[in-house]
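Notes for the structure review
One-letter residues, chain by chain:
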Amino acid sequence: RLYPRRSSSSLLQTKFLPPYTVPASFSYPRAITIRDSDASLTVKYTDYRSVVVVSKPVGVTSAPGGAGEDVVTAVCREFGVSDVSRAVAHRLDMETSGLLIVALTPEAQKWLYEDFREKRIKKTYEALVVGEVGLEKGEGSVKSAKDVSNPHAGPWQDVVDEEYLRG
């Protein structure tokens, strides 16, 4: 379900409130290609004015700053947004796939930042675990960190203990 809230802005008439649930009947006419990459983005939802929700594949950066074109830049190119810095609403790690919300206006970016900060938008992660876990079902919390001592470690996060974090 989408929950519209009226805005005083003449440029942006609707703000979508959590949950940002995508209608099952939505269909965008084509995939968005990422330049210099074999990857493409599937648009899961857009209102064509304020937000675009895309399915980000593994191996592509979310926002400007890395090598090659990123998801936000590709979406901005597709939707004619010139200020890419005002389109970043949140990020997913390069090796994480999932839904990414891109703001098409500065107002939408402000609202999305606020919704993420106030935890009105909840992120859920699923992990591929190698080895025997010993539980059929459950919930857990672990600390993770990048191995900063190894510049060739890549984008992977490792489960670490408290001693590692102090150390």
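See the structure printed just above.
These notes cover the structure that comes with them. Bear in mind that the values here come from a model prediction, so they are computed numbers and not experimental data. (Residues numbered from 1 in each chain as written. Predicted model: local features only at pLDDT ≥ 70, side-chain atom pairs only at ≥ 80, totals over all residues. Heavy atoms only, no water.)

**Quick look at the pattern of salt bridges**
Applying the stated criterion across every chain, the model contains five salt bridges. Note that Asp-115 and Arg-120 form a salt bridge whose closest N and O atoms lie 2.8 Å from each other. For Asp-115, a relative accessible area of 1% corresponds to the buried category. By relative accessible area, Arg-120 is classed as partly exposed at 38%. Across the pair Glu-118 and Arg-117 runs a salt bridge, and its minimum N-O distance is 3.5 Å. What makes Glu-118 partly exposed here is its relative accessible area of 44%. (Salt bridge = Lys/Arg side-chain N within 4 Å of Asp/Glu carboxyl O. Buried < 20%, exposed > 50% of the residue type's maximum accessible area, 1.4 Å probe, protein only.)

**Considerations on helix H1 (residues 71-79)**
Residues of H1 that are buried include every one of Val-71, Val-72, Ala-74, Val-75, Cys-76 and Phe-79, and no others. A side-chain oxygen of the first residue of H1 lies 3.1 Å from the backbone nitrogen of Val-72; this N-cap is Asp-70. Just downstream of H1, Gly-80 is the residue with a positive phi angle, here 70 degrees. (Helix = DSSP H or I, 4+ residues; strand = E, 2+ residues; numbered from the N terminus. Polar contact = N/O pair within 3.5 Å; in protein donor to acceptor, adjacent residues only side chain to side chain.)

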